[in-house]
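Inside the fold
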Amino acid sequence: MPQTALITGAGSGIGRACALSLANAGWNVVLAGRRETALAETRARAPGGNVLALPTDVTDESAVTALFAATRAKFGRLDLLFNNAGSFTPATSFGDLTWTQWKSVTAVNLDAMFLCARAAFRQMRDQSPQGGRIINNGSISAHSPRPGSAPYTASKHGVTGLTKSIALDGRPFSIACGQIDIGNAATPMTSQMPQGVPQPDGRIMPEPVMDVSEIGRIILHMATLPLDANIPFITIMATNMPFIGRG
């Protein structure tokens with residue numbers, strides 16, 4: 001019987017690549033995201049797959065509850081949550097950040113992560129057979145910030161703490177939790193990088209990117225591990241991007 005995955009932020013970029021990877025491997029896939037048209041495009045790229053698109057605002061607790069209830073009603077169980085939805089604000093020096101900018105990023109990157117992970121945890125705990133896997137999308141910013149990125153960086157550090165707590169609390173229920181930290185996958189969010197982005201020394205420099213399909217391969221590998229094995233943290237990045245050492 002096919003396993004079932006739910007992916008947030010599935011309308012483009014990393015979420016779409018991972019949804020297609022899982023669907024092509026025979027998984028049932030639930031696509032969640034704000035934009036119905038974008039979700040429909042992802043679904044159209046997975047011909048033959050058992051794919052359900054559910055437009056959802058993952059910052060809304062009642063909408064998240066409805067999302068997981070619809071998943072259970074359609075497929076009976078949940079084996080994987082890829083907690084992928086994310087947001088950022090343009091690079092802004094810390095003293096110039098507004099409260100609105102801060103809240104807009106943390107609402108998606110941390111609050112929504114909590115809402116979706118909690119809903120998945122409850123469903124995996126209460127279903128029979130018990131268990132499942134939660135993968136949170138962190139970032140290399142969970143290790144080291146970019147200039148002007150305080151809301152994003154702080155939220156991704158928070159995701160790391162959330163991942164560790166879920167992994168610990170999930171042990172009695174066969175719920176594994178891991179995190180993927182991604183650097184410079186080629187998506188609409190990173191489209192500016194080959195042209196040039198700010199560096200800590202003030203320069204604007206181009207940065208390499210990698211094919212986003214590689215993220216789909218990693219997520220599929222993590223998803224197909226038996227529940228008595230877990231990858232708690234994994235980093236995948238464009239080989240030559242300025243992250244390791246001094247760049």
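Scroll up to find the structure this text is about.
Here the residue index of a chain counts from 1 through its sequence in written order. Selection of residues for local features in this predicted model requires a pLDDT of at least 70, selection of side-chain atom pairs for listing and counting requires 80 or more, and totals for whole chains, interfaces and linings are taken over all residues. Side-chain calculation: all heavy atoms of the structure are included, whereas hydrogens and water are not.

Some remarks on the environment of I182
Within the secondary structure layout, I182 lies in strand β6 (residues 175-183). Along the sequence, I182 and T106 sit 76 residues apart, while their C-alpha atoms lie 18 Å from each other. The contact definition used throughout considers only heavy atoms, calling two residues in contact when any of these lie within 4.5 Å. Aside from chain neighbours lying at most four places away, what touches I182 is I14, N137, S139, I140, M210, I215 and I236. Starting at the N terminus, helices and strands are each numbered in turn, a helix being any DSSP run of H or I of at least four residues and a strand any DSSP run of E of at least two.

As for the pairing of strand β4 (residues 80-83)
Each regular strand displays side chains that alternate between the two surfaces of the sheet. Judged by which residues are buried, β4 turns out to be covered on both faces: L80 and F82 on one side and L81 and N83 on the other are all buried. Between any two strands, at least two bridges found by DSSP are needed for them to pair. Two strands pair when backbone bridges link them, and strand β1 (residues 4-8) and β4 are joined in this way by 3 bridges, in the parallel orientation. Bridging from a neighbouring strand, A5 pairs with L80 of β4. Strand direction decides the pairing type here: β4 and strand β5 (residues 132-137), joined by 4 bridges, are parallel. Each bridged residue has a counterpart across the sheet, and for L81 the counterpart in β5 is I134. Here a crossover is taken to be right-handed if, once the strands point away from the viewer, the path from the first strand over the helix to the second is traced clockwise. You can see the chain leave β4, run along helix α4 (residues 99-126) and come back into β5, and the turn it takes is right-handed. Throughout this description, buried means an accessible area under 20% of the type-specific maximum (1.4 Å probe, protein chains only), exposed means over 50%, and partly exposed covers the range between.

Topic: the environment of Q101
Tracing the backbone through its elements, the reader meets Q101 in helix α4. As a C-alpha pair, Q101 and T89 span 12 residues in sequence and 6.6 Å in three-dimensional space. Every residue in contact with Q101, bar those within four places of it in the chain, is listed here: T89, T92 and D96.

Re the pattern of salt bridges
Between Lys or Arg on one side and Asp or Glu on the other, a salt bridge is scored when a side-chain nitrogen of the former is within 4 Å of a carboxyl oxygen of the latter. Under the counting rule described, the total for this entry stands at 7 salt bridges. A salt bridge links R146 to E207; the shortest N-O distance between them is 2.7 Å. Of this pair, R146 sits in the loop between β5 and α5 (150-169) while E207 sits in the loop between β8 (204-205) and α6 (213-223); the two residues are 61 residues apart in sequence, bridging distant segments of the chain. Residue classification places R146 among the partly exposed residues on the basis of a relative accessible area of 28%. Using a relative accessible area of 4% as the deciding quantity, one classes E207 as buried.

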